[in-house]
Amino acid sequence: DLLDPERLIQCPFVKQHQIRACRFPYHLVKCKESNPEIAKKLATCPFNARHLVPRGDLSDHIMKCNDQALMEQDVVSGCCEPPQEQVKDGSTWQAPPCDEDWET
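Residues numbered from 1 in each chain as written. Predicted model: local features only at pLDDT ≥ 70, side-chain atom pairs only at ≥ 80, totals over all residues. Heavy atoms only, no water.

What about the UniProt feature "domain: CHHC U11-48K-type" (unreviewed entry) in the chain?
Mapped onto the present numbering, the UniProt feature "domain: CHHC U11-48K-type" (unreviewed entry) falls on residues 8-35 and 42-69. With 39% helix and 21% strand, residues 8-35 has end C-alpha atoms that lie 20 Å from one another. Helix makes up 39% of residues 42-69 and strand 21%, whereas the separation of the span's terminal C-alpha atoms amounts to 23 Å. (UniProt positions renumbered as here; feature names shortened; annotations may be inferred. Helix = DSSP H or I, 4+ residues; strand = E, 2+ residues; numbered from the N terminus.)

Below you can see the structure in the form of structure tokens.
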């Protein structure tokens, strides 16, 4: 299950590392710092920062990345609404009338 926070994900820096999905972003940061030579050879997917692929394979990954569809869906659903409908305040609060006279 892709949404299971306990599922194991293989680290792109050290293949022997199997990290729980909920800890994966933290592990990536630490492992990248510990393996700068490997990090130089990897590129980050523009649709999902958890996707680290060899630099030469990035364009192929971008074409096939499942998260690209999610990003496009967000962009399309956000741009089709008129601007006034995008921000829905919903607040009915009104300031009470002020009886103070600041001039006196």
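Back to the text.
Some remarks on the side chain of His 27
When you line up the elements, His 27 lands in helix H1 (residues 24-34). Once residues within four sequence positions are removed from consideration, His 27 is found in contact with Cys 11, His 17 and Ile 19. (Contact = heavy atoms within 4.5 Å.)

Some thoughts on the nonpolar core
Within the largest apolar cluster, twelve residues are counted, these being Ile 9, Cys 11, Phe 13, Val 14, Ile 19, Ala 21, Phe 24, Leu 28, Cys 31, Ala 39, Leu 42 and Leu 52. Examining the composition of this core, we find that three residues originate from one element, H1, more than from any other. (Core = buried A, V, L, I, M, F, W, Y, C linked by side-chain atoms within 4.5 Å. Buried < 20%, exposed > 50% of the residue type's maximum accessible area, 1.4 Å probe, protein only.)

Some words on the side chain of Asn 35
Residue position: Asn 35 is located in the loop between H1 and helix H2 (36-40). Side-chain polar atoms of Asn 35 contact the backbone oxygen of Cys 31, separated by 2.9 Å. Once residues within four sequence positions are removed from consideration, Asn 35 is found in contact with Phe 13 and Val 14. (Polar contact = N/O pair within 3.5 Å; in protein donor to acceptor, adjacent residues only side chain to side chain.)

Some words on the environment of Ala 43
By the secondary structure assignment, Ala 43 is in strand E3 (residues 42-44). With relative accessibility at 7%, the residue Ala 43 sits in the buried group. Residues in contact with Ala 43, not counting those within four places in the same chain, are His 51, Leu 52, Val 53, Arg 55 and Leu 58.

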